[in-house]
Amino acid sequence: MAERKLLVLFGSQTGTAQDTAERIGREATRRHLRCRVEALDSCDVANLIHEPLVVFVCATTGQGDPPDNMKMFWRFLFRKNLPPGSLCQLDYAVLGLGDSSYPKFNFVAKKLHKRVLQLGGNPLLPVALGDDQHDLGPDAVVDPWLLALWDKIFALYPLPPGLEIISPDVRLPPKYTLHYLPEDSPQPEGDLLQSTAPRAVPSELHPFAARVVSNQRVTAQSHFQDVRLMEFDVTGSGITFGAGDVVMIQPQNCPEDVQQFCQLLCLDPDRRFVLKPTESGTSLPPLLPQPCTIRHLVTHYLDISCVPRRSFFELLSYFSTNELEREKLQEFSSAQGQEELYSYCNRPRRTTLEALWDFPHTTCAIPADYLLDLIPGIRPRAFSIASSLLAHPDRIQILMAVVQYKTRLSKPRRGLCSTWLASLSPEQGDVQVPLWVKKGGMKFPADPATPVIMIGPGTGVAPFRAAIQERVAQGRRGNCLFFGCRQKSKDFYCQAEWEELVTKGFLTLFTAFSRDQEEKVYVQHRILENRRLVWELLSSGNAHVYLAG
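Nothing here was measured: the structure is a model prediction, and the numbers come from that model.

Quick notes on the rules
- Residues numbered from 1 in each chain as written.
- Predicted model: local features only at pLDDT ≥ 70, side-chain atom pairs only at ≥ 80, totals over all residues.
- Heavy atoms only, no water.
- Helix = DSSP H or I, 4+ residues; strand = E, 2+ residues; numbered from the N terminus.
- Buried < 20%, exposed > 50% of the residue type's maximum accessible area, 1.4 Å probe, protein only.
- Polar contact = N/O pair within 3.5 Å; in protein donor to acceptor, adjacent residues only side chain to side chain.
- Contact = heavy atoms within 4.5 Å.
- Phe/Tyr/Trp six-rings, centres within 6.5 Å; stacked < 30°, edge-to-face > 60°.
- Lys NZ or Arg CZ within 6 Å of the ring centre and 35° of its normal.
- Pairing = 2+ DSSP bridges.
- Axes fitted to C-alpha atoms, helices over the stretch in contact; angles between N-to-C directions.
- UniProt positions renumbered as here; feature names shortened; annotations may be inferred.
- Right-handed = clockwise from strand over helix to strand, strands pointing away.
- Salt bridge = Lys/Arg side-chain N within 4 Å of Asp/Glu carboxyl O.
- Domains from an automatic or database assignment.
- pLDDT = per-residue confidence, 0-100.
- Arc of directions from axis to C-beta.

## Digging into the side chain of Arg 310
Mapped onto the elements, Arg 310 comes out in helix H7 (residues 310–319). Assessed through its relative accessible area of 14%, Arg 310 is described here as buried. Within the structure, the side chain of Arg 310 is placed 3.1 Å from the backbone oxygen of Ser 333, a separation counted as a polar contact. With sequence-adjacent residues up to four places away left out, Arg 310 is seen in contact with Arg 23, Asp 139, Asp 143, Phe 332, Ser 333, Ser 334, Ala 335, Gln 338 and Leu 341.

## Concerning the packing of aromatic side chains
Scanning all chains against the criterion turns up 14 aromatic pairs. Centre to centre, the rings of Phe 313 and Phe 359 are 6.5 Å apart; their planes meet at 65 degrees, and the pair counts as edge-to-face. Of this pair, Phe 313 sits in helix H7 while Phe 359 sits in the loop between helix H10 (352–358) and helix H11 (360–363), and the two are 46 residues apart along the sequence. The same class applies to Phe 313 and to Phe 359, which are both buried. A ring pair is formed by Phe 482 and Phe 510, whose centres lie 4.8 Å apart and whose planes are at 20 degrees; its orientation type is stacked. Here Phe 482, found in strand E19 (residues 479–485), pairs with Phe 510, found in strand E20 (residues 507–513); they are 28 residues apart in sequence, far enough to count as distant. Among the aromatic residues, those joined into a cluster by ring pairs are Phe 312, Phe 313, Phe 332, Tyr 344 and Phe 359. Its guanidinium or amino end placed over the ring of Phe 78, Lys 111 lies 4.9 Å from that ring's centre, counting from NZ or CZ.

## A look at the sheet that holds strand E7 (residues 176–180)
Read from one edge of the open sheet, three strands run E7-E11-E12, paired in antiparallel fashion. Of all strands in the sheet, those bounded by a partner on one side alone are E7 and strand E12 (292–293). Two strands pair when backbone bridges link them, and E7 and strand E11 (residues 272–277) are joined in this way by five bridges, in the antiparallel orientation. Across the sheet, the residue bridging to Leu 178 is Leu 275, located in E11.

## Some words on the sheet that holds strand E8 (residues 208–217)
Backbone hydrogen bonds are what pair the strands of a sheet, in a parallel or an antiparallel way. Within the open sheet, the six strands sit side by side as E13-E10-E17-E8-E9-E14. Their pairing is antiparallel. Both outer strands of the open sheet, strand E13 (381–384) and strand E14 (395–401), are each paired with one neighbouring strand and no more. Put simply, the sheet's adjacent strands are angled 40 degrees from each other on average, direction ignored. The sheet contact formed by strand E9 (residues 227–233) and E14 spans seven bridges and is antiparallel. Note that in E14 the partner of Met 230 across the bridge is Ile 398. Along the sheet, helix H13 (residues 416–423) contacts E8, E9, strand E10 (246–249), E13, E14 and strand E17 (432–438); its crossing angle with E14, the most-contacted strand, is approximately 120 degrees.

## Describing the UniProt feature "domain: FAD-binding FR-type" (unreviewed entry) in the protein
Taken from the UniProt record, the annotation "domain: FAD-binding FR-type" (unreviewed entry) applies to residues 205–445. For residues 205–445, the helix share is 29%, the strand share is 21%, and the end-to-end C-alpha distance is 32 Å.

## Observations regarding the pairing of E20
In terms of burial, E20 is a largely internal element, five of the seven residues being buried. One ladder, built from seven bridges, connects E19 with E20; its direction is parallel. Within E20, the position partnered with Leu 481 by the bridge is Leu 509.

## Brief notes about the UniProt feature "domain: Flavodoxin-like" (unreviewed entry) in the protein
When the UniProt feature table is mapped onto this chain numbering, "domain: Flavodoxin-like" (unreviewed entry) sits at residues 6–150. Helix makes up 32% of residues 6–150 and strand 23%. Its end C-alpha atoms lie 11 Å apart.

## Some points on the pairing of strand E1 (residues 5–11)
With six of seven residues buried, E1 is to be regarded as a mostly interior element. Relative to strand E2 (residues 34–39), E1 is paired through six bridges, and the arrangement is parallel. When the bridges of E2 are listed, Leu 7 appears paired with Arg 36. For the segment spanning E1, helix H1 (residues 16–30) and E2, crossover handedness is right-handed. Judged from the five bridges that link them, E1 and strand E3 (residues 53–59) form a sheet pairing that is parallel. Considered in E3, the bridge of Gly 11 is made with Cys 58.

## What to know about the environment of Leu 48
The residue Leu 48 is located in the loop between E2 and E3 in this model. Here Leu 48 falls in the buried class, since its relative accessible area comes to 3%. Along the chain, Leu 48 and Leu 90 lie 42 residues apart, while their C-alpha atoms are 8.0 Å from each other. Excluding anything up to four places from it in sequence, Leu 48 contacts Leu 9, Val 54, Phe 56, Phe 73, Leu 87 and Gln 89.

## Considerations on the pattern of salt bridges
Enumeration over the complete set of coordinates arrives at 26 salt bridges. Across the pair Glu 38 and Arg 36 runs a salt bridge whose closest N-O atoms are separated by 3.2 Å. Linking Arg 228 and Asp 226 is a salt bridge whose minimum nitrogen-to-oxygen distance equals 2.7 Å. The pair Arg 228 / Asp 226 is uniform in exposure class, with both members buried.

## Let's talk about unusual backbone geometry
Across the junction of Gln 290 and Pro 291, the peptide omega takes the value -10 degrees, indicating a cis bond. The topology assignment puts Pro 291 in the loop between E11 and E12. Positioned with a positive phi, Asn 106 is a non-glycine residue whose angle comes to about 50 degrees. Position of Asn 106 relative to the elements: it lies in the loop between strand E4 (91–98) and helix H3 (107–118). Assessed through its relative accessible area of 1%, Asn 106 is described here as buried. Positive phi values are uncommon outside glycine, yet Asp 394 reaches one of about 60 degrees.

## Overview of the domain arrangement of the protein
Entries for the protein in the domain assignment read domain 1 (5–156), domain 2 (259–374) and domain 3 (452–547). Taking the mean C-alpha position of each, domain 1 and domain 3 sit 43 Å from one another.

## Here's the deal with the confidence of the model for the protein
When pLDDT is averaged along the protein, the result is 94; 98% of the residues meet or exceed 70. Counted against residues more than four places away or in other chains, residues 190–196, with its pLDDT under 50, gives ten contacts.

## Notes on helix H9 (residues 338–346)
One turn of an α-helix holds 3.6 residues; hence residues three or four places apart share an orientation. Regarding H9, the residues found buried are Gln 338, Leu 341, Tyr 344 and Cys 345. The buried residues of H9 occupy one face: seen down the axis, they fall within an arc of 125 degrees. On its buried face, H9 sits against helix H4 (139–156), H7, helix H8 (323–332) and H10.

Shown next, in the form of structure tokens:
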């Protein structure tokens with residue numbers, strides 16, 4: 001009888017596709033299939049020709065682009081020299097997660113399905129197109145599609161005699177187990193977050209610990225929004241970048257939240273442990289030192305401030321000793337309870353930590369072994385780089401609005417990364433931030449004679465500051481910037497810098513201060529007023545136009 005094994009591969013940007021892939025993995029385990037769940041770029045693509053059964057779960061980002069963790073796979077799959085029948089042994093299914101308010105809805109999933117078919121793969125089902133815009137979210141498509149998928153897989157790989165599907169009432173084993181070290185075992189030398197000597201160019205798996213050089217508020221104290229211009233020292237990192245590129249920053253949880261989480265779950269933050277995978281072949285989470293303290297795990301790894309997903313409540317329900325709490329958790333994880341879950345979690349942006357407060361009996365019964373199954377890892381945040389290496393060698397600057405807003409919950413919502421970064425001060429000593437650089441979507445013209453029209457209201461001006469610094473350093477003059485904000489006196493970022501460049505003849509600047517007069521004036525009004533100049537630059541100058549929000 002053929003070996004019953006399944007490979008689930010995901011391409012995920014925000015974590016939804018990964019969450020869905022892991023759900024499929026759990027359902028496969030209940031059906032006694034040997035199952036691996038991996039990011040597309042973590043799997044060896046050349047081995048696909050030996051896989052009998054693969055489910056692809058992929059999101060679409062931007063303008064129909066593949067997520068970051070499937071970009072290498074994507075390039076390989078569309079190579080012209082792949083033989084047409086190379087995947088003829090493969091039974092496969094593709095599940096797409098997208099948003100129908102975008103023109104290229106589920107573009108990646110559709111294209112992937114078609115390409116695997118071209119290479120000889122045998123589709124078990126039509127491609128599924130999950131939609132964020134649906135009242136019940138992507139699950140409206142995912143739930144029925146999965147039922148159909150298991151029927152197809154069971155037709156090919158029936159359950160071995162004597163085995164039954166593991167009931168949903170039975171809790172599956174955790175992915176890892178925590179082995180606590182004796183309290184008197186020797187401590188490792190120094191801090192866990194050491195800036196290791198760079199082996200290669202910094203990346204998500206090997207971030208560079210950059211020193212914070214400055215952290216300056218660039219809005220008036222009386223302005224409602226706190227915006228920072230921050231500078232990081234990347235000397236010795238090997239990092240290079242150009243205008244339009246992006247810096248990725250790995251944030252951490254604040255000490256108060258970490259302390260609260262440990263108290264709620266009755267965990268000793270200073271307790272040290274090593275992680276062991278439950279099944280051989282499961283890799284350990286990257287960036288977690290071994291051995292590790294509970295405090296380090298919660299501070300740097302567990303995303304306790306994210307809005308929890310349906311799978312969180314499903315797993316939580318297994319630990320519940322309290323009948324009322326268990327019923328509520330089961331409702332939140334059922335297909336029927338999704339509207340109620342949305343209004344409990346997503347609408348008010350309730351965090352994982354706050355949800356745990358609401359289920360106190362269950363929370364104190366969570367076994368530590370399940371922490372990494374229950375709570376996803378903290379994701380890096382992307383910022384447009386707001387400086388040029390030609391103007392500021394060995395430095396990266398960002399222009400960052402500190403995220404804070406109100407929902408119906410009494411406590412204001414705060415952005416994890418921007419709140420943490422805003423709290424850092426170089427006066428506190430050697431403050432370090434783990435970061436790496438990624439190519440951005442903006443390419444500025446190579447020809448020095450080509451003028452550029454840049455439209456950057458608010459912090460959207462960040463990539464244009466990098467571009468203008470770079471172009472001025474190269475002696476290029478055709479720089480036209482439309483900048484908009486509320487009030488000249490309160491949030492006119494980099495005012496002195498722009499005005500100096502205007503004086504020197506390097507910049508043509510148009511500003512729109514929406515609240516400085518009776519009627520609101522925005523950048524589009526300034527573009528209209530200067531339509532002759534704009535048209536002239538476009539028609540005879542072949543100008544490139546860039547827009548950032």
